[in-house]
Amino acid sequence: MSVLNFNLGVLGHVDSGKTTLVKALSSVASTACFDKNPQSKERGITLDLGFSSFSVELPEHVKGKSLEPYSKLQFTLVDCPGHASLIKTIIGGAQIIDMMLLVIDITKGMQTQTAECLVIGEITCNQMVVVLNKIDMIPDNKRQPTIEKMTKKIHMTLKNTKFHDCSIVPVSAFPDVSELASNSISNLIEVLKQLVFIPKRDASGNFLFSVDHCFSIKGQGTVMTGTVLQGKISVNDTIEIPTLKLSRKIKSMQMFHEAVVNAFQGDRLGICVTQFDPKLIERGIACTPGALPMAYGVIVNIEKVVYYKQPIKNKAKYHITLGHETVMARVHLFQSAVQNLDFEMEHCYCEEIAEAKGQFFFGVLEFDHPIPVVPKSLVIGSKLDTDIHSNACRIAFKGNIQFIFGEENYRGDLARLKVYKTKTREGIVERMASPFEVIGKNLLKKETNVQPFVNLKVILSTGESGIIEGSFGQSGKVKIRVMEGLKEETQTLLAGLNKKRKPQESLDPEEKHVQNELPAAGIYSCTATPRTQFDRLSNNISLPGHRKNVALI
């Protein structure tokens, strides 16, 4: 009989009582928990991820829902720091959880990092429980009304999120308030047992291990602690640390101080391998040798976070987080008609993403340095250099990896991406040659070759559409064929021009000037064109709606 491991992320604003709550819940501590970092004790806040656990009887609604005969349920608590400057650590921790506990200080309500943790939760998991902590600080005669008022306020805050109907549990985690604390903690555990589910676990595929701490044990080796993201592992297997280009044999493994010989996706694990310097890998990925490519860049689909108030700018730099790795990257935007990347389709170049919904956006991310990436994994883009006191959401977008550039010189792969840029320009209808043809000017320069523009669709300001048939004379004018014919009112308008103008050969500069000022002059614009190949991004204007292939980088 095995143990069902369920990863519970504990997030919230700094000083909301997360670590105190974790201590109250936990029965087994890991090597990194409860602010063991000396700086954490000195400053009185959590500075790193902490891990601990507690076990309960397997709830009845879970029994029989898995092929695995589980004997008990183990909650692994991932205690995330709450300080704004540690958001990278929070994001990394949130990506390995099955459910989130959002801890709120009932005396303060929603705060800046509470909101950011809520955003991270929406991106990384589908279930959440809100813990109203520190209820012991409310006087007895005001406690229940305060809890009800705050519960109502939080439900209003969550109204437009995926967590709109989540459970809200009042708790006192302070150890000295014995009866209140024990009753509320017991109530919280019961709520968690009711909400637990069988997480999706897959033992197939390459082994991937998210490392969050690393240390050495004299005489035994180097220990990496973390969470199994994919696959399975056994003692005596060999694993690789791609960033260090090191491979090491597994000597032993433990789960919360208990020796194990196998581990599977979702398990919290300590792996002891043959010695290497633990300072070389504070966080990162370990895997089956050769399983993870080093990426110099990736293509991701981009979903703008609705709480991020700034547009996502083309060619801007963002902090990109993949698991525990965070790297600076420049983003190059384009837009598609379909949700998944298709190299056979044409995509539209994009200057910025201002709206969060309604269209499919993608980005080529150029990493500042290569990092190992998990194919199709979650990507979170942030502006972590934003002032932490600005009371603004710093998490800009999320997405999943669609394509990996595994070579340093990846322009060959990038050239497969068909991206065009729409150019715009306006011209003037000089005169009507017939009810089915007009002469346009100011669209092309005198020296421009008109052939690439033949058959382009043209729209007159009066609503008619036509195509460019060819050049008219040597001055850059063009003949425009209106297939459906000009409207009667347009013909009347342009006929006035024809009556006032003289034959072209006798037109002097003054008459040309008068003619150009006539109100009958019409504006036309082109909405689609044949394709022209360009090797580099070009700022040359062609025609309104004219598509030019461009290089994103």
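Note that this is a predicted model, so its numbers are computed, not measured. (Residues numbered from 1 in each chain as written. Predicted model: local features only at pLDDT ≥ 70, side-chain atom pairs only at ≥ 80, totals over all residues. Heavy atoms only, no water.)

Asker: Would you mind going over the pattern of salt bridges in detail, with residue names and values included?
Answerer: Enumeration according to the criterion identifies twelve salt bridges in this entry. In this structure, the salt-bridge partner of R143 is D140, at a minimum N-O distance of 2.8 Å. Placement of both R143 and D140 in helix α5 (residues 140-157) is noted, with a separation of three residues, approximately one turn of the helix. Looking at R143, the relative accessible area reads 16%, which means it is buried. Residue D368 is joined to K317 by a salt bridge in which the shortest nitrogen-to-oxygen separation is 3.0 Å. (Salt bridge = Lys/Arg side-chain N within 4 Å of Asp/Glu carboxyl O. Helix = DSSP H or I, 4+ residues; strand = E, 2+ residues; numbered from the N terminus. Buried < 20%, exposed > 50% of the residue type's maximum accessible area, 1.4 Å probe, protein only.)

Asker: Give a description of the packing of aromatic side chains that names residues and reports values.
Answerer: One pass over the structure, following the stated rule, counts nine aromatic pairs. Pairing F6 with F75 gives two aromatic rings, centres 5.8 Å apart and planes at 80 degrees, and the pair type is edge-to-face. Of this pair, F6 sits in strand β1 (residues 2-12) while F75 sits in strand β4 (residues 70-79), and the two are 69 residues apart along the sequence. Comparing F6 with F75 shows no difference in burial state: the two are buried. Summarising the aromatic geometry, the rings of F54 and F75 are spaced 5.0 Å apart at their centres and angled 25 degrees between planes, so their arrangement reads as stacked. Here F54, found in strand β3 (residues 50-57), pairs with F75, found in strand β4; they are 21 residues apart in sequence, far enough to count as distant. Exposure class is identical for F54 and F75. Each is buried. In textbook terms, an aromatic cluster arises when at least three aromatic residues are bridged by ring pairs, as seen for F6, F54, F75 and F197. (Phe/Tyr/Trp six-rings, centres within 6.5 Å; stacked < 30°, edge-to-face > 60°.)

Asker: Explain the nonpolar core residue by residue, including any values.
Answerer: Membership of the largest hydrophobic core comes to 59 residues, with the highest contact counts inside it found for M128, I302, Y318, I320, L365 and F367. With residues up to four places along the chain from it excluded, the contact list for F367 reads A295, Y296, G297, V298, I320, L322, V327, M328, A329 and V373. (Core = buried A, V, L, I, M, F, W, Y, C linked by side-chain atoms within 4.5 Å. Contact = heavy atoms within 4.5 Å.)

Asker: I'd like a rundown of the environment of V438, residues and numbers included.
Answerer: Relative to the helices and strands, V438 is located in strand β28 (residues 437-441). Each C-alpha atom of the pair V438 and L486 lies 9.2 Å from the other, and the pair is 48 residues apart in sequence. Sequence-distant contacts of V438, that is, excluding residues within four places in its chain, are made with V429, R431, M432, A433, V478, K479, I480, L486 and L494.

Asker: Can you lay out the confidence of the model for the protein chain for me, pointing to particular residues and giving the numbers?
Answerer: Per-residue confidence for the protein chain gives a mean pLDDT of 81; residues scoring 70 or more make up 82%. Within the model, pLDDT remains below 50 along residues 30-47, and this stretch shows 38 contacts once partners closer than five positions in the same chain are excluded. Under a pLDDT of 50 for its full length, residues 82-86 has, in the predicted model, 17 contacts with residues more than four places off or in other chains. (pLDDT = per-residue confidence, 0-100.)

Asker: If you had to explain the pairing of strand β25 (residues 395-405) to someone new, which residues and values would you point to?
Answerer: For β25, the buried fraction is high: eight of the eleven residues fall into the buried class. As paired elements, strand β17 (residues 294-304) and β25 share six bridges and run antiparallel to each other. When the bridges of β25 are listed, E303 appears paired with K398. The pairing of strand β24 (residues 378-382) with β25 spans five bridges and is classified as antiparallel. Within β25, the position partnered with L378 by the bridge is N400. (Pairing = 2+ DSSP bridges.)

Asker: Requested: an account of α5, with residues and values cited.
Answerer: When the terminal C-alpha atoms of α5 are compared, their 26 Å separation across 18 residues agrees well with the 26 Å that a helix rising 1.5 Å per residue should span. Among all positions in α5, only R143, I147, M150, T151 and I154 are buried. (Expected span 1.5 Å × (residues − 1).)

Asker: Tell me about helix α1 (residues 18-25), residues and numbers included.
Answerer: Three or more residues of α1 are buried, namely K18, T19, L21, V22 and L25. End-on view of α1: buried residues confined to an arc of 155 degrees, all on one side of the axis. (Arc of directions from axis to C-beta.)

Asker: Now, about unusual backbone geometry: what can you tell me, with residues and values included?
Answerer: Although it is not a glycine, K315 adopts a positive phi angle of roughly 70 degrees. Within the fold, K315 resides in the loop between β18 (312-313) and β19 (317-322). A positive phi is found at K376, a non-glycine position, where the angle reads about 65 degrees. Its location among the elements puts K376 in the loop between β23 (360-372) and β24. Residue K376 is classed as exposed on the basis of its relative accessible area of 69%.

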